[in-house]
Each structure stands twice: as C-alpha cells, then as structure tokens.
Amino acid sequence: MKRILALAIGIASTYTAYSQSLNYNDLGVLFSKDDNYGTARFEAMSGAFGALGGDISSFGINPAGSAVAIKSTFGVTLGNRNTEYTSNYYGNSTNTEDDFFNITQAGGILSFDSALNSDWNRFALTFNYRIKKDFSGFHAAEGNSQYLIYNEHVADPKAIKTQFDRSLDQYNSSYIDGKSSVFSLGFSSVHQNKLYVGASLNFHDLEFYREHLFNEINDDINGNILDVENYTESYIQGTGFSIGLGFIYKLDQNIRLGLAYESPTWYQEVLEDYYDELLMKRVENLSIPEDLDIIGPESYLYKFRSPSRFTASGAYVIGKKGLISLDYTYKDFKNIKYSGGNFSNTNTSFVNDYRNTHALNVGAEWRFDNMSIRGGYHYEKDPNLLLGGNTDDDNIQGLSAGLGYNFGNMKIDLSYTKSNNKEYYTIYQNSDLAIKNNTSRISGTVTFSL
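Below you will find a few notes about this structure. Small disclaimer: the values here were computed from a predicted structure and weren't measured. (Residues numbered from 1 in each chain as written. Predicted model: local features only at pLDDT ≥ 70, side-chain atom pairs only at ≥ 80, totals over all residues. Heavy atoms only, no water.)

Below, the discussion takes up the overall build of the chain. Regarding its fold elements, the chain presents 5 helices and 18 strands. Per-residue burial for the chain yields a buried fraction of 53% across its 450 residues. For the chain, the share of sequence-separated contacts (at least 6 apart) that also reach a separation of at least 24 residues comes to 71%. Summing over all exposed atoms, the chain offers an accessible surface of approximately 19,600 Å²; the carbon and sulfur share of this is 57%. Of the side-chain charges in the chain, 37 are positive and 52 negative, and the distance between the mean point of each set is 12 Å. (Helix = DSSP H or I, 4+ residues; strand = E, 2+ residues; numbered from the N terminus. Buried < 20%, exposed > 50% of the residue type's maximum accessible area, 1.4 Å probe, protein only. Contact = heavy atoms within 4.5 Å. Areas by Shrake-Rupley, 256 points an atom, 1.4 Å probe, with all protein chains shown as cover. Lys, Arg positive; Asp, Glu negative; His and termini not counted. Charge placed at Lys NZ, Arg CZ, Asp CG, Glu CD.)

Here is the structure:
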C-alpha cells in the first residue's frame, strides 16, 4: 500500500510540472474551500451572520446563533450556479461554461422556552445539511508555448532516436465533478436575553472526480509528427468531522458582537482511485509503432486535516426595520496536513509556500412591512504564494442581492450572487495558464415557522 501511494504521489508531482494535474497541495486547498451556500437570505447578505443568528444557515458560521430564533423554523433551498471560464494560454483564449443545480441547504431550528426558573431562558436544537463547495466544471486551453516535454518516441527502434524538437501545439482540458458537504447538529442557549452560546458537531462528506487530458504535438526537421496524449483519472472520497463553538453578546438593543471557532476537519479515511495512461501515437513514415503505457487502476488510503477557522463578527440592528452586519474570518492554511503516506514535501510546501487567509463578508437588510431587500459584499484571499505571482487577481470577491417576503408562518426568499477570480496553473512555466472565473448564483428558499 505504501509503495502504491508513493508511486501515485510521484506521478502527481511529476505531471503537475507540465500537464496541470492537481497535486496534493492543490487538492488540499480545494477541499478546504467553503463557498458559503445557505438560505437565500443568508446568501443575499454574503453570509455575514456571525453576530446576527436567527437564520438556519447562521448556525454554520456561529453555532450560538440558533438560540436567537424565537420560533422553530424549517427551510430548504434550491440553488443554481453558472460559471464562465476564460482560459488564457500563450496568447490564446478559450471559453467554456458550466451549470450546477441542486438542493444546496435543508435544515431546521427547534426553539424552546425554558420550563425552569432560570436565567437561561431559551435553548435551541439545530440540524442542517448544506453544500460547502461544488466541484463540477470543465475548462480547456489550447496554444503553442514553444516548449516541449516529449522529444523522442519511446518505441523508436533506432539506436539514435529521431528528435522531435519543434513544438506545434498543446491542448489541456480538465473535467471535474463532485462536491463537499456537511451535516451539522448543534445546541445553543441564551442567558438573560444577552449572551448566546452554542456548540456544533459537524459531519463532512467529500466526493471528487476528475478527468484530465494533456496533448502535445511536435515534429522533426522532416515534418514527421510526434503526437502524445496523457490521460489521468482520479476519484477521491472521504468522511470527516469537526466541532464548532461560538457566542453572541448583545451590548444593547442595537449592537451585537460575535466570536466563533471551527476546528480543523479531520478526514480519517480518504480513499483515492487513480488511473494514468500515456499514449504515443504511431509515426507512419518512420515505421515507429504506437506505444501505450498504463499505470493503474490503483487504490490507496490516507488521512487529511483541513484548516481551522476563526470568525469575529459585529452587527448593528435598527429595531425591526433593518440591520448591517460584518464578519471577519481567519483560516490557517499553513496547518493543512496529510498523513498515512510519504507527504513530507507536500506538508512542507504548505508551511513555506502558502499563507493563512483573511475573508471579509458584509451584509445589510431593510424591511418594508412584509417585504425585505438585502445586499452584501464578500472578499477572500487566496492562500497560494507561488502561482499568479502573488497578485490579488486570484482573490475571490463579489456582490450579492436579494428579496424576501414574509407571509406569517411561511417566508420565501430569493438571492443573486456574482463573484470572480483567477486561477493559475503551471504547464511548462510558472503560472503560464490563467483561468478567469465569472460565477453567478441564484437561490430560492422556502421557510416555515411553528
């Protein structure tokens, strides 16, 4: 098992240099991302709910927030994501587009007034499922870097092999599917209607599938063509758990402060299936036969620990008319760690080549009788210090807006979110493939109160 794991890690590390295979550093960051899926109200305010509570999805930011809800509440959210990818590769631009539609959130808050003569006058039990990140997408790039990897055909029978030293074309594509999600259970309570405290136990699920194709075409001085295709396929699945703690304090009727901590997610058993094939096509004029080299399919296990998260929050509530809220989140990406295999270089890279990140979420809401309008802004830094030349282009930022209508015991909310960032990959030289992502999300939530 260790031999297989070491082999697969070596393969991933080698191919990353020129074929955009995601190495374990890339995967560690990807699996630690959280796109703040939630109720439409939550998304319309860019997830800035750490000091507010009351909403089912606020529980995912600060588990103390459930006790803010006076009534028991149940809700379900349907969401659609559309992402436009623009790949820029040595002067060539390639456009692709992807759509994702699913139930992105479902859960409830059971709120109870205390039957005891106590300063702890209300408590709440919460359960909630939500998608953290959907991985589905497809992007491709084509162009000519004037660099090459394969200048000889391995099946060339001649003692002095023909040199295919002129680069003609390269093609690179990646299809990804799957998602990371979490199901949370929690308890919260309020002391003298001022101090809210809560804790959660979170069960995480990870499912990731990727097909990657890299094609390089070169020729020799006589125009004979060497056509090489590298196809890799991987499937990763795992389960993990984390705990959350938090509190909210009302300074007065208007000002609320919140602080929350979520531990690292410990994935104790991650299973990866891996397949790799390298095809060098036949060169007819030189009588060089086709050669196909296959590694796998192989399966192996390892462990993974994602970053922890601290969130400090503040909110100003204007009676029953409106509010403005702000969340600041810190994540320690340097402490991502793999174990169960030869991951020393990967773990060292997290320490040396990555940074801990900061995120800012701002949201506002104003009510007109039963109608509410909402808006928000979100910003998150990228942890990678090597790719993209440490620019701000790879940071995620976006705006959100939404509407809600309260029918009494039922509410309907809609939201729209728009965000953008760039992702950088290395094919031949550092960051020579840049992919601009423009993402829009539409969500709708139906909520019932008892």
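Having seen it, we continue.
This part is about the pattern of salt bridges. Pairing between side chains of opposite charge can happen when the charged atoms of each approach one another. On inspection of all chains with the given rule, the structure shows 16 salt bridges. Across the pair R282 and E284 runs a salt bridge whose closest N-O atoms are separated by 2.9 Å. For R282, a relative accessible area of 44% gives the class partly exposed. Judged by relative accessible area, E284 falls into the exposed class, the value being 54%. (Salt bridge = Lys/Arg side-chain N within 4 Å of Asp/Glu carboxyl O.)

Take the nonpolar core next. Ranked by size, the top nonpolar core spans 40 residues in total, and within it L27, F31, F208, I236, Y302 and Y338 carry the most contacts. If you list the elements that add at least two residues to this core, you get α2 (24-31), β1 (73-89), β6 (195-219), β7 (225-250), β9 (266-280), β10 (291-305) and β18 (433-449). When residues no more than four places from it in sequence are discounted, the contact partners of L27 are L22, F208, I236 and Y338. Residues M45, A51, L52 and A315 belong to the second largest nonpolar core, which totals 9 residues. (Core = buried A, V, L, I, M, F, W, Y, C linked by side-chain atoms within 4.5 Å.)

On to unusual backbone geometry. Along the chain, G296 connects to P297 via a cis peptide bond; the corresponding omega equals 0 degrees. Topologically, P297 is positioned in strand β10. Phi is positive for N36, which is not a glycine, with a value near 55 degrees. Here N36 shows up in the loop between α2 and α3 (40-44).

Once that is clear, we can look at the pairing of β1. Sheet analysis places β1 next to β18, joined by 17 bridges and oriented antiparallel. Within β18, the residue paired with L78 across the bridge is G444. Pairing of β1 with strand β2 (residues 92-113), which is carried by 17 bridges, proceeds in the antiparallel orientation. Bridging from a neighbouring strand, Y85 pairs with T96 of β2. Once β1 ends, the chain turns through 2 residues before running back antiparallel as β2, passing Y90 with a positive phi of about 50 degrees. (Pairing = 2+ DSSP bridges.)

The geometry of an aromatic ring pair comes down to the distance between the two centres and the angle between the two planes. For the structure shown, the criterion picks out 27 aromatic pairs. Here R441 stacks its cationic end above the ring of Y37, 3.9 Å away from the centre of that ring. (Phe/Tyr/Trp six-rings, centres within 6.5 Å; stacked < 30°, edge-to-face > 60°. Lys NZ or Arg CZ within 6 Å of the ring centre and 35° of its normal.)

This paragraph deals with the side chain of S440. Along the chain, S440 turns up in strand β18. For S440, a relative accessible area of 15% corresponds to the buried category. S440 has contacts with N80, R81, N82, Y416, T417 and K418, leaving out every residue within four places of it along the chain.

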